[in-house]
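Chain residues, written in single-letter form:
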Amino acid sequence: MSNSKTIKSALISVFHKDGLEPIVKKLNDLGVTIYSTGGTEKFIKDLGINVVPVEDVTSYPSILGGRVKTLHPKVFGGILNRQDHDGDIAEMEEYQIPQLDLVIVDLYPFEKTVASGAPEQDIIEKIDIGGISLIRAAAKNFKDTVIVSSMEQYNDLLTIISNSNGATSISERKKFASKAFNISSHYDTAIFNYFNEDEIVYKASETTSKVLRYGENPHQKGYFFGDLDAMFDKLHGKELSYNNLLDVDAAVNLMNEFKNGDPTFAVLKHNNACGFAQRKTIKEAYVDALAGDPVSAFGGVLIANTIIDKETASEIHKLFCEVVIAPAYDADALKVLKGKKNRVILIQKEVALPTETVRTALNGLLIQDKDNKTDVIEDVTYATDNKPSESELEDLLFASKICKHTKSNTIVLTKNKQLFASGTGQTSRVDALRHAIEKATSFGFDLNGSVMASDAFFPFPDCVEIADKAGIKSVIQPGGSIKDQLSIDYCNEHNVSMIFTGTRHFKH
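Residues numbered from 1 in each chain as written. Predicted model: local features only at pLDDT ≥ 70, side-chain atom pairs only at ≥ 80, totals over all residues. Heavy atoms only, no water.

1. Some words on a nonpolar patch on the surface
For clarity, the cut-off: Every patch collects residues that have over 30% relative accessible area and no salt bridge, joining them within 9 Å if they carry like charges and within 5 Å if they are nonpolar side chains (Val, Leu, Ile, Met, Phe, Trp, Tyr). Here the Shrake-Rupley method, with its probe set to 1.4 Å, supplies the accessible areas, and only the displayed protein chains count as covering residues. Salt bridges are identified by distance alone: a Lys or Arg side-chain nitrogen within 4 Å of an Asp or Glu carboxyl oxygen. Numbering goes from the N terminus for both helices and strands, where a helix is a DSSP run of H or I of at least four residues and a strand is a run of E of at least two.
Side chains of Tyr 202, Val 358, Leu 365 and Ile 367 sit close together on the surface and give an oily, nonpolar patch of about 340 Å² of accessible area. Mapped onto the secondary structure, Val 358 falls in strand β16 (residues 356-361).

Pasting the structure below:
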């Protein structure tokens, strides 16, 4: 038989009726017999178009409060029959089953109902049974049947039937079938994740996607799966790249530690903070953050925890940066920042972030809880005889937050709520410290009276000794080494204060 099929009959039963009217009218113009149920049947009748109630086909009413309407052999037989199969043709005639060439069905809004906080019974009633069955049946039989499973597909269908006098090709039907199985699998994943409480199973489905220019490098393909529009309002600039998105993710997670604090500014490069400061004004915070490493800041991602004003924007405009993120901008600030056509300007919105991290590893996935533990004063124990001053304690906790979001092994050096330097992603903690000291001194910072944070414990006293000789006088670290006492003894002997948090913050 020909791959082209002309639609002569259609079953339409949808929850969302927006955009349906033009399709119904077009099908009527083409002489298509329309079958329907419930609210959709009434909708079609109100358009003045003839519609055959499904009950007239099945000789069975809608029962159980509408839970059972289309689950009947005369409906599914009309969808699943093989039009080139002699046995199917004979049975269709024997049981007087009408052919159904087109099925337009969508699903109850299960995810929206869950997100609304509705009671469980309301959620259960939004688990579609008939709709999901009709979608799968029509998609399975794509050789003979067209399935339209979402209102987002209405325009595609309308264009096809308008241009071809109601006919569809096998490739068009298969494409609709693919979309249908995407919708049905996503729906079932959402239902499973709602019910699952103790099975260790990973099921995820994201239907919103974006093709990126390329991946980490130009020879790699790249995609983003998720709703960026829910996360940001993009006000200006080019499309975000794969690497931009990694830096933006790192920036957002870092700044979340400070979102309710004094004006704070961060500059990130390759997922690590190269500049960070907290001040009385956002301009001061930006200037001092940039001073932390004005070289690495070139081409970086900038983020603020408060509104960016014109003064701050004027300072930012002097720097070539890829992305600027803030909860809001003054109108005059936007005019300045938009002076660079490719600079991406984002307004960050309040959106719940994932509670787990997922990454590929070997032939599978590694999944873990997100590190949502922030070191606070209540967690610390004073390991040394000499205790940090109040200002040192504030700097230590400030440094610890930055350290948590820096690649391991890392050492972070701060003073007066300004990042002096960090040693990032080193194979040795000693190397990380030496790198941080060298970097801080190269930009003219005086380390005397500064503090040091480490993402993990010190197995030997070499780090506290090197830090002490550089002028660092207070240390925050998890503790937990069997040789902690060696570091404690050195600190006691050299008047260095040290506190333990009891929490390691590896970040690989």
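Alright, that's what it looks like, and here's the rest.
2. Regarding the packing of helix α4 (residues 73-80) against helix α8 (residues 130-140)
Definition in use: Axes, fitted as lines to C-alpha atoms, cover a helix only where it is in contact. Angles between the N-to-C directions of the axes lie from 0 to 180 degrees. An angle counts as roughly parallel when it lies under 35 degrees, as roughly antiparallel when it exceeds 145, as roughly perpendicular when it falls between 65 and 115, and as oblique in every other case. In this description, contact between two residues means that some pair of their heavy atoms is separated by no more than 4.5 Å. Classes in brief: Ala, Val, Leu, Ile, Met, Phe, Trp, Tyr, Cys and Pro nonpolar; Asp, Glu, Lys and Arg charged; the others, Gly included, polar.
Close contact between α4 and α8 brings their axes to 8 Å; oriented N to C, the two are set at 30°. When the axes of α4 and α8 are compared, the pair comes out roughly parallel. Counted together, Val 75, Phe 76, Ile 79 and Leu 80 of α4 and Ser 133, Leu 134, Ala 137, Ala 138 and Lys 140 of α8 form the full contact between these two elements. Of the residues in the contact of α4 with α8, the class split is seven nonpolar, one polar and one charged.

3. Topic: the sheet that holds strand β22 (residues 474-477)
Spelled out, the test is: Between any two strands, at least two bridges found by DSSP are needed for them to pair.
Within the open sheet, the six strands sit side by side as β18-β23-β22-β21-β19-β20. Their pairing is mixed. Taken across any chain shown, the strands that pair with only one partner, and hence form the sheet edges, are β18 (381-382) and β20 (419-423). As defined by bridge partners, strand β21 (residues 451-454) adjoins β22 across three bridges and the pair is classed as parallel. Following the sheet pairing, Met 452 is matched in β22 by Val 475. Strands β18, β19 (411-414), β20, β21, β22 and β23 (497-500) of the sheet are contacted by helix α16 (residues 390-404), whose axis makes an angle of about 35° with β21.

4. Looking at the packing of α8 against helix α10 (residues 170-195)
Keep this limit in mind: Two helices crossing with the near one rotated counterclockwise from the far one by less than a right angle form a left-handed crossing, whereas a clockwise rotation gives a right-handed crossing.
Following both chains from N to C, one finds α8 and α10 inclined at 145°, their axes separated by 9 Å at the closest point. Every pair of crossing elements has a handedness; the one defined by α8 and α10 is left-handed. Between α8, through Ile 132, Ile 135, Arg 136, Ala 139 and Lys 140, and α10, the contact on the second element is made entirely by Ala 177, Ala 180, Phe 181, Ser 184 and Tyr 187. Residue composition of the contact of α8 with α10, by class: seven nonpolar, one polar and two charged.

5. Side note on the packing of aromatic side chains
Here is the rule we go by: For Phe, Tyr and Trp, rings pair up if their centres lie within 6.5 Å, where Trp contributes its six-membered ring, and each pair is then called stacked (planes under 30 degrees apart), edge-to-face (over 60) or tilted (otherwise). The criterion is that NZ of a Lys, or CZ of an Arg, lies within 6 Å of the ring centre and within 35 degrees of the ring normal, and then a charge sits over that ring.
Going through the model one piece at a time under the given rule, you end up with 11 aromatic pairs. Ring centres of Phe 258 and Phe 276 lie 4.7 Å apart, and the angle between their planes is 50°; on these two criteria the pair is classed as tilted. Taken together, the residues span a long stretch of sequence, with Phe 258 in the loop between α12 (242-255) and β11 (264-269) and Phe 276 in strand β12 (residues 272-278) at a distance of 18 residues. Chaining the aromatic ring pairs together yields one cluster made of Phe 110, Tyr 187, Tyr 194 and Phe 195. The positively charged end of Lys 203 is found above the aromatic ring belonging to Phe 192, 5.5 Å away from the centroid. One Lys or Arg, Lys 387, reaches over the ring of Tyr 382 and ends 4.9 Å from the middle of that ring.

6. Structural notes on the sheet that holds strand β3 (residues 33-36)
Strand order in the open sheet formed by five strands is β4-β3-β2-β5-β6, with parallel pairing between adjacent strands. Since the sheet does not close on itself, it has two edges, and those belong to β4 (52-53) and β6 (146-148), each with one partner. The sheet contact formed by β3 and β4 spans two bridges and is parallel. By the bridge assignment for β4, Ser 36 is matched with Pro 53. Each of β2 (9-13), β3 and β5 (102-105) touches helix α1 (residues 21-29); the most contacted strand, β2, lies at about 160° to it.

7. Remarks on the pattern of salt bridges
The condition is simple: Three labels apply to residues, based on accessible area from a 1.4 Å probe with only protein chains included: buried if under 20% of the type maximum, exposed if over 50%, partly exposed otherwise in between.
All chains considered together, the criterion is met by 19 salt bridges. Among the salt bridges present, the one from Lys 45 reaches Glu 41, with a minimum N-O distance of 3.1 Å. Residue Lys 45 and its partner Glu 41 are both found in helix α2 (residues 38-46); the two are separated by four residues, about one turn of the helix. What makes Lys 45 partly exposed here is its relative accessible area of 45%. Glu 41 sits in the buried class, given a relative accessible area of 11%. Across the salt bridge formed by Arg 279 and Asp 288, the nearest N and O atoms sit 2.6 Å from each other. You can call Arg 279 buried: its relative accessible area is 18%.

8. Thoughts on unusual backbone geometry
For the peptide bond that leads from Ser 408 to Asn 409, omega is -15°, which places it in the cis range. With respect to the secondary-structure elements, Asn 409 resides in the loop between α16 and β19. For Leu 362, which is not glycine, the phi dihedral falls at a positive 50°. Along the chain, the position of Leu 362 falls in the loop between β16 and β17 (364-369). What makes Leu 362 exposed here is its relative accessible area of 92%. The backbone of Asn 495 sits at a positive phi, close to 60°, despite the residue not being glycine. In this fold, Asn 495 is placed in the loop between α19 (484-493) and β23.

9. Section: the nonpolar core
Generally speaking, nonpolar side chains in soluble globular proteins are found buried as a group. Stated precisely, the cut-off is as follows: Grouping buried Ala, Val, Leu, Ile, Met, Phe, Trp, Tyr and Cys residues that are joined through side-chain atoms within 4.5 Å yields what is termed a nonpolar core.
With 49 residues, the main nonpolar core has Ile 12, Leu 27, Ile 79, Leu 102, Ile 104, Ile 147 and Leu 157 as its most contacted residues. The residues contacting Ile 79, other than those within four sequence positions of it, are Leu 11, Leu 100, Val 103, Leu 134, Ala 137, Ala 138, Asn 141 and Thr 145.

10. Some remarks on the side chain of Ser 487
Where we set the bar: Counting of polar contacts relies on pairs of N or O atoms within 3.5 Å, with two restrictions inside protein: one atom must be capable of donating a hydrogen and the other of accepting it, and residues adjacent in sequence are counted only when both atoms are side-chain atoms.
Along the polypeptide, Ser 487 turns up in helix α19. At a separation of 3.4 Å, a polar atom in the side chain of Ser 487 contacts the main-chain carbonyl oxygen of Phe 460. Ignoring sequence-local partners within four residues, the contact set of Ser 487 consists of Phe 458, Phe 460, Pro 461, Val 464 and Met 498.

11. Quick word on the pairing of β20
Burial analysis of β20 places five of its five residues in the buried class, the great majority of the element. Strand direction decides the pairing type here: β19 and β20, joined by four bridges, are antiparallel. From the neighbouring strand, Val 412 faces β20, where its bridge partner is Ser 422. Hairpin connection, β19 to β20: the antiparallel pair is bridged by four residues, and Asn 416 has positive phi, about 50°.

12. What about helix α13 (residues 282-291)?
Note the following rule: By arc we mean the arc of the directions from the helix axis to the C-beta atoms, nothing more.
Within α13 the residues assigned to the buried category are Ile 282, Ala 285, Tyr 286 and Ala 289. Around the axis of α13, the buried residues are gathered within 100° of arc, so they sit on the same side. Buried positions along α13 lie against β11, β12, β13 (300-304) and α14 (310-316).

13. Brief notes about a negative patch on the surface
Going by this rule: Charged residues are defined narrowly, with Lys and Arg counted positive, Asp and Glu counted negative, and His plus the chain ends left uncounted. Where a charge lies is defined by one atom per residue type: Lys uses NZ, Arg uses CZ, Asp uses CG and Glu uses CD.
Residues Glu 111, Glu 206, Asp 227 and Asp 229 make up a contiguous surface patch of negative charge. Checked against the element boundaries, Asp 227 lands in the loop between β9 (223-225) and α11 (228-231). Look at Asp 227 and you get partly exposed, because its relative accessible area is 42%.

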